[in-house]
Amino acid sequence: MQDWLAGDGHAPEAYRRLASGASILCAEPGVRAAARSASGAMINVVGSALGSGKLALLALHPYDPDAMGLHLTLFAVEALEPAQVEYDYGLAAGALDPWRRAAAATGSIAVFLVGGVEEAFTQCSQNLFVKRPRGDATDVARTRWTPLLPLDRLLACQFEILQATVSASGLPGVSPRNGELGMAGFVARHNSQTLTLVPYFAGNAVHGHAAKLWSNPWSSLLLWDDHSWFSAVTISGPTRIVEDAEIAARFPHIAESLAMRRRRNGGPAARPEYWFEQVVREIHVQEEPVAGNWLNPARAPCSLNAGGLAHHGKKPAYFAADRIPSYDICWQHEREALGRPVDPSGASRRYWEQESEEAFAARHAHLAGL
């Protein structure tokens, strides 16, 4: 690891093997499946960040349904050891000792991924449900999902999916996709290929930062199932955006299952604005089981989008998701494909850089003296 961090950002063969995992049999034809450790998955993230210079993080609270999440996107990412971080950023000596001790206790090294901040904002954590620690290791070990089972069995139990992408022309993105139980994503098969289909609805469910996910030719879906299969699974492959009418024609059974949903007032749920389609090429399963959680039935999982059931009163009042009209997503597509040279108001990024130049110069001078 030390040689990797000190080198050109290309991982040695031993670390590439850890990141890619050991191949295992898969029930889905033409799909490569592998099992890797949590450390291997972390090495993959570090390697991708150092190789691309980009990193996007989405931090959500595991138990507080009303906590605000943090979305952070970095560019020009590099890996620094604690002493270098303390020196570069003027931290007190030993400020990062808790991280050093945690690494030493597990036989690891502490590395901080540091870069320039491209985006940073808070958002609703979207955990519109309540989780509590389960503490039953026996059931967790017995019910793990493996690629020997159809992918349908896994997605049918999900109500939240994280979608992660890295684009050569734009920013990386990590965005949560929520829905009713079994409705956050679907599995379909077409021309001997396994597809995952994620519906996107108009209104609050279509976040502004989700636009960067639309222009990526390859992306991953991350399923952190701590309630049914107790497994961490990453599904990767080529992606595209598909109109709702095309999905209804190709996969009428999926369209019909969405059409059966109802709002709280009993009316029919809204149709998706469009769909995210992924051709499944790779499946990675974490070897270690995920710590189990109970879902509190008093606040059942529901969607944050206009088609959700809204089991509790917060959603319609807070988000007005059933009344927000669609907006022009075509313009967003074009802007993302160009690498976002201007912000939504039309102003160039260079204007912001000129305005903040003096403040940055003062900050750099302060750090240089530490």
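Everything quoted here is computed from the prediction, not taken from an experiment.

Participant: Can you lay out the overall build of the chain for me, pointing to particular residues and giving the numbers?
Facilitator: Scanning the chain from terminus to terminus reveals 13 helices and 15 strands. Split into buried and exposed, the 370 residues of the chain put 46% on the buried side. Of the roughly 18,400 Å² of accessible surface on the chain, 59% is carried by carbon and sulfur atoms.

Participant: Quick one: what's the story with the packing of helix H2 (residues 13-20) against helix H3 (residues 38-52), residue by residue and with numbers?
Facilitator: Orientation of H2 relative to H3, taken along the N-to-C sense of each, is 115 degrees, at an axis distance of 7 Å. The pairing of H2 with H3 is recorded here as roughly perpendicular in orientation. The handedness of the crossing between H2 and H3 comes out as left-handed. Taking contact as the criterion, the partners of Tyr15, Leu18 and Ala19 in H2 are, on H3, Gly40, Ile43 and Asn44. Of the residues belonging to the contact of H2 with H3, the class tally is four nonpolar, two polar and no charged.

Participant: Lay out the side chain of Thr239 in plain terms, naming residues and giving numbers.
Facilitator: As for its placement among the helices and strands, Thr239 is situated in strand S12 (residues 231-242). A relative accessible area of 12% places Thr239 in the buried class. Not counting the four nearest positions on each side in its chain, Thr239 is found in contact with Asn216, Pro217, Trp218, Ser219, Phe276, Glu277 and Gln278.

Participant: Can you explain the environment of Gly90? Please cite residues and give values.
Facilitator: Tracing the sequence through the fold places Gly90 in the loop between helix H4 (82-88) and helix H5 (97-105). As for Gly90 and Leu367, which are separated by 277 residues in sequence, their C-alpha atoms are 6.3 Å apart.

Participant: Describe in detail the confidence of the model for the chain, supporting the description with residues and values.
Facilitator: Averaged over every residue, the pLDDT of the chain is 77; residues scoring 70 or more account for 71%. For residues 204-209, every residue scores under 50 in pLDDT, and the model assigns this stretch 18 contacts once sequence neighbours within four places are set aside.

Participant: How would you explain the packing of aromatic side chains if you had to name every residue and give the values?
Facilitator: In the structure shown here, the tally under the stated rule is three aromatic pairs. When the centroid spacing of 6.0 Å and the interplanar angle of 55 degrees are considered together, the rings of Phe186 and Trp275 count as tilted. You can see Phe186 sitting in strand S9 (residues 186-190) and its partner Trp275 sitting in strand S13 (residues 274-279), a full 89 residues away along the chain. Grouping residues by exposure puts Phe186 and Trp275 together as buried. The side chain of Arg134 reaches across the aromatic face of Trp294, ending 4.1 Å from its centre.

Participant: A description of the nonpolar core should follow, citing residues and the corresponding values.
Facilitator: Of all hydrophobic cores here, the largest spans 20 residues; its most connected members are Trp145, Leu151, Leu154, Leu223, Val233, Ile235 and Ile283. Counting residues per element, the ones that place at least two in this core are helix H7 (151-155), strand S10 (193-200), strand S11 (218-225), S12, S13 and strand S14 (282-286). With near-sequence residues (within four places) excluded, Leu223 lies in contact with Leu154, Leu155, Gln158, Glu160, Ile161, Ser231, Ala232, Val233 and Ile235. Residues Leu197, Val242, Phe251 and Leu258 belong to the second largest nonpolar core, which totals twelve residues.

Participant: Before we move on, could you go through H3 and cite the residues and values that matter?
Facilitator: With 15 residues, H3 should cover 21 Å at 1.5 Å per step; its first-to-last C-alpha distance of 21 Å lies within 8% of that length. Every buried residue belonging to H3 is among Gly40, Ile43, Val46, Gly47, Ala49 and Leu50, and all of these are buried. Positive backbone phi, approximately 75 degrees, marks Gly53, located one or two places after H3.

Participant: Could you give me a rundown of unusual backbone geometry, with the residues and numbers involved?
Facilitator: Although it is not a glycine, Ser192 adopts a positive phi angle of roughly 65 degrees. Inspection of the secondary structure puts Ser192 in the loop between S9 and S10. Taking the relative accessible area as the measure of exposure, Ser192 reaches 69% and is therefore exposed. A positive phi angle, close to 55 degrees, is found at Phe230, a residue other than glycine. Structurally, Phe230 can be placed in the loop between S11 and S12.

Participant: An account of the side chain of His227 is needed here, citing residue identities and associated values.
Facilitator: Examined against the element boundaries, His227 turns out to sit in the loop between S11 and S12. For His227, a relative accessible area of 12% puts it in the buried group. Side chain to side chain, His227 and Ser228 meet in a polar contact 2.9 Å long. Apart from the residues lying within four places of it in its own chain, the contact partners of His227 are Cys157, Gln158, Phe159, Asn293 and Leu295.

Participant: Which residues make up the pattern of salt bridges, and what are the values?
Facilitator: By the definition in use, this model includes nine salt bridges. Taking the shortest distance from any N to any O, the salt bridge between Arg189 and Asp152 comes out at 2.6 Å. Taken together, the residues span a long stretch of sequence, with Arg189 in strand S9 and Asp152 in helix H7 at a distance of 37 residues. The salt bridge involving Glu246 is made with Arg250; its shortest N-O contact spans 2.9 Å. Taken together, the residues Glu246 and Arg250, both in helix H9 (residues 244-250) and four residues apart, mark about one turn of the helix. Salt bridges sharing common partners tie together Arg240, Glu246, Arg250 and Glu277.

Participant: I'd like a description of the environment of Ile43, backed by residues and values.
Facilitator: For Ile43, the location among the structural elements is in helix H3. As a C-alpha pair, Ile43 and Tyr15 span 28 residues in sequence and 7.1 Å in three-dimensional space.

Basis of the calculations
Residues numbered from 1 in each chain as written. Predicted model: local features only at pLDDT ≥ 70, side-chain atom pairs only at ≥ 80, totals over all residues. Heavy atoms only, no water. Helix = DSSP H or I, 4+ residues; strand = E, 2+ residues; numbered from the N terminus. Buried < 20%, exposed > 50% of the residue type's maximum accessible area, 1.4 Å probe, protein only. Areas by Shrake-Rupley, 256 points an atom, 1.4 Å probe, with all protein chains shown as cover. Axes fitted to C-alpha atoms, helices over the stretch in contact; angles between N-to-C directions. Parallel < 35°, antiparallel > 145°, perpendicular 65-115°, else oblique. Left-handed = near helix turned anticlockwise from the far one by under 90°. Contact = heavy atoms within 4.5 Å. Nonpolar A, V, L, I, M, F, W, Y, C, P; charged D, E, K, R; others polar. pLDDT = per-residue confidence, 0-100. Phe/Tyr/Trp six-rings, centres within 6.5 Å; stacked < 30°, edge-to-face > 60°. Lys NZ or Arg CZ within 6 Å of the ring centre and 35° of its normal. Core = buried A, V, L, I, M, F, W, Y, C linked by side-chain atoms within 4.5 Å. Expected span 1.5 Å × (residues − 1). Polar contact = N/O pair within 3.5 Å; in protein donor to acceptor, adjacent residues only side chain to side chain. Salt bridge = Lys/Arg side-chain N within 4 Å of Asp/Glu carboxyl O.

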